[in-house]
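# Survey of secondary and tertiary structure
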Amino acid sequence: MSEERKLDPAREPEEEREESAKLSDSEAMKVDMYFWLQALVAALITLILLFTFVGRIIGVVGSSMYPTLHDGDLLLLQSIGYTPKQGDVVVLTKEFDASEGPIVKRVIATEGQRVDIDYDTGTVYVDGTPLEEDYIKEAMKVPNYGEGVNHVTVPEGCIFVMGDNRNDSADSRYPSIGIIDTRSVIGRAVMVLFPFQDFTLL
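These notes cover the structure that comes with them.

Criteria and thresholds
Residues numbered from 1 in each chain as written. Predicted model: local features only at pLDDT ≥ 70, side-chain atom pairs only at ≥ 80, totals over all residues. Heavy atoms only, no water. Patch = residues over 30% accessible without salt bridge, like charges linked within 9 Å, V, L, I, M, F, W, Y side chains within 5 Å. Areas by Shrake-Rupley, 256 points an atom, 1.4 Å probe, with all protein chains shown as cover. Salt bridge = Lys/Arg side-chain N within 4 Å of Asp/Glu carboxyl O. Buried < 20%, exposed > 50% of the residue type's maximum accessible area, 1.4 Å probe, protein only. Pairing = 2+ DSSP bridges. Helix = DSSP H or I, 4+ residues; strand = E, 2+ residues; numbered from the N terminus. Core = buried A, V, L, I, M, F, W, Y, C linked by side-chain atoms within 4.5 Å. Contact = heavy atoms within 4.5 Å. Polar contact = N/O pair within 3.5 Å; in protein donor to acceptor, adjacent residues only side chain to side chain. Phe/Tyr/Trp six-rings, centres within 6.5 Å; stacked < 30°, edge-to-face > 60°. Lys NZ or Arg CZ within 6 Å of the ring centre and 35° of its normal.

## Examining a nonpolar patch on the surface
On the surface, a nonpolar cluster with roughly 460 Å² of combined accessible area is contributed by L37, L40, V41, L44 and I45. Look at V41 and you get partly exposed, because its relative accessible area is 40%.

Structure below.
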């Protein structure tokens, strides 16, 4: 049988082509695997650098930012190079009462700005100008602890924060919390990542 194969010149080119094709497919598969491995490693390195030096992912606990945010929402934060600005949704390290972990609030005023709260009209004034707050859940009522901190000029290096769910939010109005040092700010919430039905830019 082996002699027949050697004597059949028509078989040799065909077998060589099949072996060459198998070798080419194998090499192509190796190249593809190497390419995808490189892409995967690059993506992982990018994500690690992104969340280490640029931002973080934080979960929302509680309903103090409802309806803007919901309990359990996952937020992507901008951390590096961020300076708090009026209207931003920020995450703070400061512990409010018995709560644990980061807290999410909205920046109402920054250093040097004057905050005045009128509970009769449910209006927040910053430097004498009423804020247009279409993001709040409902009109403010006087908290059970009284009007609290409702007329104040924000000191240097601090911010005044409030929750969008004004009647269920421990924030800068609360006497034991008050003005927040900007060093307590972890970062600005840029978007809701999860759950997918809540996905949005902030």
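## Description of the sheet that holds strand β8 (residues 151–153)
The strand order across the open sheet built from four strands is β7-β6-β5-β8, with neighbouring strands paired in antiparallel fashion. Whereas interior strands pair on both sides, the edge strands pair on one side only; in this sheet they are β7 (129–130) and β8. Pairing between strand β5 (residues 114–118) and strand β6 (residues 123–126): four bridges, direction antiparallel. What sits directly across from V115, in β6, is V126.

## Some details on the nonpolar core
Of all hydrophobic cores here, the largest spans 15 residues; its most connected members are I108, V115, I117, V124, F160 and M162. At the level of secondary structure, the elements contributing two or more residues to this core comprise β4 (103–110), β5, β6 and β9 (158–162). Element by element, the count of residues in this core is highest for β9, at three residues. If sequence neighbours within four positions are ignored, M162 has contacts with M65, K105, R106, I108, I117, V124, M140, S169, D171 and R173. M65, L77, V89 and V104 belong to the second largest nonpolar core, which has twelve residues in total.

## Notes on the environment of K105
Residue position: K105 is located in strand β4. At 3.0 Å, the side chain of K105 and the side chain of S64 are in polar contact. Engagement of the side chain of K105 in a polar contact is seen with the side chain of S169, the distance being 3.0 Å.

## Thoughts on the packing of aromatic side chains
Each aromatic ring pair is characterised by the separation of its centres together with the angle its planes make. Tallied over the entire structure, the rule returns three aromatic pairs. Cation over ring: R106 sits above Y135, and NZ or CZ is 3.7 Å from the ring centre.

## Concerning the side chain of E133
For E133, the location among the structural elements is in the loop between β7 and β8. Given a relative accessible area of 13%, E133 falls into the buried group. At 2.9 Å, the side chain of E133 and the side chain of Y135 are in polar contact. Only 2.6 Å separates the side chain of E133 from the side chain of R166, close enough to count as a polar contact. The residues contacting E133, other than those within four sequence positions of it, are I108, V124 and R166.

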